[in-house]
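Letter by letter, the chains look like this.
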Amino acid sequence: GGRVKPSQFAYHAPQRVDEAVGLLAEHGFEAKVLAGGQSLVPMLSLRLTSFAHLVDINGVSGLDSIDVVDGDLRIGANVRQARAEHDPTVAEAAPLVAAAIPHIGHFQIRNRGTVGGSIAHADPASELPAVALALDAVMEAGGPDGERTIAASDFFESTWETSLDDDEILTAVRFPRWSGSSGFAVEEVARRHGDFALVGAVCGVTLDGDAVTRAGIALFGVGPTPIRASDAEAALVAAGSTGDLAEVGRAAAEPLDPNDDLHASGAYRKKVAAVVVERALTTAIQEARS
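Notes on the structure in this doc start here. Just so it is clear, the structure is predicted and the values come from calculations on it, not from any experiment.

Quick notes on the rules
Residues numbered from 1 in each chain as written. Predicted model: local features only at pLDDT ≥ 70, side-chain atom pairs only at ≥ 80, totals over all residues. Heavy atoms only, no water. Helix = DSSP H or I, 4+ residues; strand = E, 2+ residues; numbered from the N terminus. Rg over C-alpha atoms; globule rule 2.2 N^0.38 Å. Buried < 20%, exposed > 50% of the residue type's maximum accessible area, 1.4 Å probe, protein only. Contact = heavy atoms within 4.5 Å. Areas by Shrake-Rupley, 256 points an atom, 1.4 Å probe, with all protein chains shown as cover. Lys, Arg positive; Asp, Glu negative; His and termini not counted. Charge placed at Lys NZ, Arg CZ, Asp CG, Glu CD. Pairing = 2+ DSSP bridges. Axes fitted to C-alpha atoms, helices over the stretch in contact; angles between N-to-C directions. Arc of directions from axis to C-beta. Phe/Tyr/Trp six-rings, centres within 6.5 Å; stacked < 30°, edge-to-face > 60°. Lys NZ or Arg CZ within 6 Å of the ring centre and 35° of its normal.

Next up on the list: the overall build of the chain. Counting secondary structure elements, the chain contains 12 helices and 14 strands. Over its C-alpha trace the chain gives a radius of gyration of 19 Å, about what one expects of a compact globule, namely 19 Å for 290 residues. Taken across its 290 residues, the chain has 50% of its residues classed as buried. Within the chain, contacts between residues separated by at least 24 positions form 61% of all contacts whose residues are at least 6 apart in sequence. Entry remark: accessible area of the chain is about 13100 Å², with carbon and sulfur atoms responsible for 49%. Charge separation in the chain, taken as the distance between the mean sites of 23 positive and 40 negative side-chain charges, equals 7 Å.

Structure below.
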């Protein structure tokens, strides 16, 4: 049996953002952006997707920097995941980003996969979109009318669907830096190490004494997009102490309505969601205290 081959397409390798955007504007929905290729190439090979034009943005200049800008950590869309994972600026300014990346598949994938690619691909079982949501990240997008910014809360629309227009590319992601005694954690349940997560949670907390003054909690693998657990965050902050984290986990899981699929039932995912939130918060609070 022969391997399934992707269908034919024209390959473009623009050098500048405006060039990439021009190609997308010209070819519309017939064009697809190639970033690290770690999500797209398998889909192409299986013919789950096809198009006439492939716009490879790996060679676009100016998308591979890591800087701190106005107190935010700004990661260019082409920064490889492995580089962000080990970068001291990332570890210091946005520890949750550094903590989440080792959970993304195997290291071979992280060597090729980009931070922007993972976020723009918007896989609902993926870690970085949930991190962006929990931290109130801001996406920078380049289009025919120049740059615009999109809040993470407005960015993820559905499975593999974002609010980027057909002729826009994600150019950078800005993660706000948390101050004070803050701690972060990622917890997920997968079948085997390196498998995609069945259910996961990412969180950040800021403590003042024993009180949580700020919380960001997002779940992935439980719906068509990452889901912010706003009720659970509010309950944690209102409690005035780090209190009953199992209860906060239940509050995070309560509004969820995950589907049954080949990998797990919705009921199982909902039950596990409460557990991963409790575990992630326990770890984040310990880290904030230290």
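So much for the structure itself; the text now carries on.
Spatially, four strands are ordered S11-S12-S13-S14 in an open sheet, and the strand pairing comes out antiparallel. The strands lining the two open edges of the sheet, one partner per strand, are strand S11 (181–190) and strand S14 (227–228). Packed onto the sheet, helix H8 (residues 127–134) meets S11, strand S12 (197–208), strand S13 (211–220) and S14 and runs at close to 150° relative to S13.

Attention shifts here to helix H1 (residues 17–27). Along H1, the residues classified as buried are Ala20, Val21, Leu23, Leu24 and His27. The arc enclosing the buried residues of H1, seen along the axis, measures out at 155°, which places them on a common side. Backbone geometry just downstream of H1 places glycine 28 in the positive-phi region, at approximately 55°.

This part takes up the packing of aromatic side chains. All told, the structure shown has two aromatic pairs when counted by the stated rule. Ring centres of phenylalanine 155 and phenylalanine 156 lie 5.1 Å apart, and the angle between their planes is 90°; on these two criteria the pair is classed as edge-to-face. Phenylalanine 156 carries the same exposure label as phenylalanine 155, and that label is buried. Geometry around tryptophan 178 places arginine 214 over its ring, the cationic atom sitting 3.9 Å from the centre.

Take H8 next. In terms of burial, H8 is a largely internal element, eight of the eight residues being buried. Among the residues of H8, those classed as buried are Glu127, Leu128, Pro129, Ala130, Val131, Ala132, Leu133 and Ala134. Two residues or fewer after H8 comes aspartate 136, characterised by a positive phi angle close to 60°.

Moving on: the sheet that holds strand S5 (residues 72–76). On the basis of which strands lie adjacent, the open sheet formed by five strands has the order S4-S5-S10-S6-S7 and antiparallel pairing. Two strands in the sheet have a free side with no partner beyond their single neighbour: strand S4 (66–69) and strand S7 (146–151). Pairwise comparison of adjacent strand axes, ignoring direction, gives a mean angle of 25° for this sheet. With four bridges joining them, S4 and S5 adopt antiparallel strand pairing. When the bridges of S5 are listed, isoleucine 66 appears paired with isoleucine 75. Along the sheet, H1 contacts strand S6 (138–143) and strand S10 (169–176); its crossing angle with S10, the most-contacted strand, is approximately 125°.

Within the fold, glutamate 147 resides in strand S7. Relative accessible area serves as the criterion here: at 52%, glutamate 147 is assigned to the exposed category. C-alpha of glutamate 147 to C-alpha of threonine 171: the two residues are 24 residues apart in sequence and 8.9 Å apart in space.

A separate point is unusual backbone geometry. A negative phi angle is the norm for most residues apart from glycine, just as the trans form is the norm for most peptide bonds. Located in the positive-phi region is alanine 122, a residue other than glycine, with phi close to 55°. By the element assignment, alanine 122 lies in the loop between helix H7 (115–121) and H8. The phi dihedral of aspartate 136 falls on the positive side, at around 60°, and the residue is not glycine. Within the secondary structure, aspartate 136 is located in the loop between H8 and S6. With a relative accessible area of 37%, aspartate 136 lands in the partly exposed category.

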